[in-house]
Every structure is written in structure tokens, then in C-alpha cells.
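Descriptive structure summary
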Amino acid sequence: MEKKIKVLIVDDSALIRITIRKMLEKYPDIEIIGYAKNGKEALEFIEKTRPDVITLDIEMPVMDGLETLKRIMSMPNPIPCIMVSGLTAKGADITLKALDLGAVDFITKPTALASELAKLELELVEKIRAAVTVDLKKAKRKIIERPEPERRLLEIPKLTIKEKPLEKVKYKAVLIGISTGGPPALQEILPQFPENFPVPIVVAQHMPPGFTKPMADRLNKLCPLTVVEANDGDILQKGKIFIGKAGYHIKIRKRGSIVYLNITKQPEDTLYHPQVDIMYETAAETLGGDVIAVIMTGMGSDGSKGLEKLKPKGAYVIAQDKETSAVFGMPRVAIEKGLVDKVLPLQEIPKEIVRKIEASI
């Protein structure tokens, strides 16, 4: 019999604890081994019985989720934590901080809507299954308390690039597809691009609605380029990084010589919004091979179907390597399908993008 994934549910709300239990108890590979109403109770439980994964509420009395997470990550063998976050600006900021500190992923608080619950259930189960594959000892070595954005901006090495008009550059867009482990990874690579980077960057990050705007604002403080949450009709232009709006797909469209973003909920029957496949597929239709596609850390296989359309048209494809990926799912599938030109560690990805663009000038 296959070993079950042991889960500890930590939340001060009895209703949320029951809701998460009902979501998980029907899956034979998942076993709920306990509950805690706050961080203190969770730590006491862990001393006696070790779970494989913890669902961890952020706002709790006695000891909140952030402090609990710090203590769990300081253990010799940290336990993967999936944060449970409220849909507020404060909740989004704290959630991003939790991801910085080593949380594997997060979900939004369950609601009473049956349609939303069903989707959240699938999302949570997939994230729990992915969480047990994460090497937290490796992640822990890389996690440090990040300084304030202004200080961090000075510490991240900046690349340089030849100053050339955009029309002389072969590539018209850099398209990044990313999921689990994405926010910390993006904080490492996007600030490296210099102010005069001649190609727009578009990011499809799997994330619940309400969280991409705070993430874009945070990245904007770190990056020489302007970082914005994408809006429908935004024109792709150099000097900007567009973060796909959570809850919506990113489609690359063209009107005459103008390339723009179509931010839409259609199709609605996809697990992810935004879906990386849709961004890549529409880029293949609009830009052909004049694209650098980057497939990064994340569970599942999103992105590979889109790359099957992009790659034959001449797009240059980079995949993040296993060693630096939080979850080596999306890159692995693309590599196994022969859709990747270069496999690189996280920190080398911006250098390769700059090298490729300079070579095309």
C-alpha cells in the first residue's frame, strides 16, 4: 500500500478546519493526523507527531502563522507549509512574506460557494502532493531574511546590455511561465534586468485572484524596469514587466504592428488562471518564433502544450534546472518532450536571456 501524506490542519476557525478536512478526507493518499487552533498548539503537536505537510492559517491568536512558519523553518528538518490566506491587501502582503520565508505555496480561505470550493479542493490536493516533493533542506540554505526593497535593490547584481532600438532586436517578448516557488524566484531574477532592456517581459504566475497586484508592486520596488499588473489592452513595450492578472488568462494579440495583451477569463474551464499554455499558444500565433520562452519552477505540466506550438516556429526556450526549482514539474515535462534549448540554474537565466538578445542585434 502506498504511503499516505500526513497532514496537520492549523487554523483558529473551526469552520475552516472542518471545511479543509472535508476537502481532503475523500482522497485515499492523504491522511489528516491532527488539528491545531494556533501556532503554539501546532508546534506542540509537531514535537509528538511529525506531519508531512501543514496547512497553516496566517492570522491566529497566541502565535500567528508567520511566526509559526519561522520556527518550523528553523528546525533541522523543516516541514512543508501551505499558507491559508484571507483575500485582503494585508493578507496578500503577509502571504508574499511567508513565501520569502520558505512556505511552499498558499491557498485562499475557503468560501461558501460550491463552485469555488470544488476548484479550491483540486488546487489544495495538488499543492499538498507537490509539497511533499520539495527539498526544504535545500530551500532552507537559500532562505535569508531579505532586507528592505531599497537595500535589496543595491545588492542584486545588474546586467548590462547594448543600447539598440527595439526594431533591430529579433525577439519581441520574453515570456515567463511559473508556478510553485514563483514569487521568491522572480525576486531573484527580474531585478537583474537593466533599465535599458529592449524587450518587454510578460509573466504568467499561477496565483489566486487578489495577489498579483501586491506582488507586482513589490517587484516594482526591486526592479530597474517598471513592473505592473497587466490590464486588458496593455501595449507591449520595452522597459516594462507585465505580471499576468490572477483569475485571468494572458493572450498575446496584434493589431497592425501593435502587440498588446488581451486579459480575459476565457476559456473558463482551466485549472489555472493564468494558464501558461494559453500565453505561449497565442504568442506562437502572433509573434511566431520571435520569442524567448522561459519555463520555471512549478508543479504539473502547464506550458508544454504551448511550447509545442512555439518551439517549431523558432522560439528560444530556457528551462530552470532541477537543483534550483522548488518543484521540478513544469520544466521537467518540457525538457522530457525535447522542447528546451537550454537548462539553467535560476541565477543564470537572466544572463542567458541578455546574451541571446544581444546576439540577435
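Residues numbered from 1 in each chain as written. Predicted model: local features only at pLDDT ≥ 70, side-chain atom pairs only at ≥ 80, totals over all residues. Heavy atoms only, no water.

1. Some points on helix H10 (residues 276-287)
Taking 1.5 Å of rise per residue, twelve residues should cover 16 Å, and H10 covers 16 Å from first to last C-alpha, within 8% of that figure. Of all twelve residues in H10, ten are buried; the element is thus mostly enclosed. Taken as a whole, H10 has its buried residues at Val 276, Asp 277, Ile 278, Met 279, Tyr 280, Thr 282, Ala 283, Ala 284, Thr 286 and Leu 287. Positive phi shows up at Gly 288, right after H10, with a value of about 60°. (Helix = DSSP H or I, 4+ residues; strand = E, 2+ residues; numbered from the N terminus. Expected span 1.5 Å × (residues − 1). Buried < 20%, exposed > 50% of the residue type's maximum accessible area, 1.4 Å probe, protein only.)

2. So, the side chain of Gln 320
Mapped onto the elements of the fold, Gln 320 is located in strand S13 (residues 316-320). Taking the relative accessible area as the measure of exposure, Gln 320 reaches 0% and is therefore buried. Among the polar contacts made by the side chain of Gln 320, one reaches the main-chain carbonyl oxygen of Thr 324 at a distance of 2.8 Å. Those residues in contact with Gln 320 that lie beyond four places of it in its chain are Ile 295, Met 296, Thr 297, Ser 325, Phe 328, Pro 331, Val 343, Leu 344, Leu 346 and Ile 349. (Polar contact = N/O pair within 3.5 Å; in protein donor to acceptor, adjacent residues only side chain to side chain. Contact = heavy atoms within 4.5 Å.)

3. Topic: the sheet that holds strand S1 (residues 5-10)
Spatial strand order, S2-S1-S3-S4-S5: five strands in an open sheet with parallel pairing. The open sheet has two edge strands with one neighbour each: strand S2 (30-36) and strand S5 (105-108). Sheet twist, expressed as the mean angle between neighbouring strand axes with direction ignored, is 25°. Where strand S3 (residues 53-57) lies against strand S4 (residues 81-85), four bridges are found, and the strand directions are parallel. Each residue of the ladder has a partner; that of Thr 55, found in S4, is Ile 82. (Pairing = 2+ DSSP bridges. Axes fitted to C-alpha atoms, helices over the stretch in contact; angles between N-to-C directions.)

4. Focus on unusual backbone geometry
Of the consecutive residues Gln 266 and Pro 267, the connecting peptide bond is found in the cis state with omega at -5°. By the secondary structure assignment, Pro 267 is in the loop between strand S11 (258-264) and H10. Here the residue pair His 273 and Pro 274 is connected by a cis peptide bond, since its omega of 10° sits within 30 degrees of zero. Following the sequence through the fold, Pro 274 ends up in the loop between S11 and H10. A positive phi angle, close to 70°, is found at Val 62, a residue other than glycine. Within the secondary structure, Val 62 is located in the loop between S3 and helix H3 (65-73).

5. Here we look at the sheet that holds strand S12 (residues 291-295)
In space, the seven strands of this open sheet follow the order S8-S9-S7-S6-S12-S13-S14, with parallel pairing throughout. Unpaired on one side and paired on the other, strand S8 (226-229) and strand S14 (342-344) mark the two borders of the sheet. Mean inter-strand twist for the sheet, computed between neighbouring axes without regard to direction, equals 20°. Sheet analysis places strand S6 (residues 173-178) next to S12, joined by five bridges and oriented parallel. Bridging from a neighbouring strand, Leu 175 pairs with Ala 293 of S12. Lying on the sheet, helix H8 (residues 182-189) is in contact with S6 and strand S7 (201-205); it crosses S6 at an angle near 150°. Contacts from H10 reach S6, S7 and S12 within the one sheet, and its direction differs from that of S6 by about 160°.

6. A few points about the environment of Gly 34
With respect to the helices, strands and loops of the structure, Gly 34 is situated in strand S2. Separated by 212 residues in sequence, Gly 34 and Ala 246 have C-alpha atoms that sit 32 Å apart. Excluding anything up to four places from it in sequence, Gly 34 contacts Val 7, Leu 8, Ile 9 and Phe 45.

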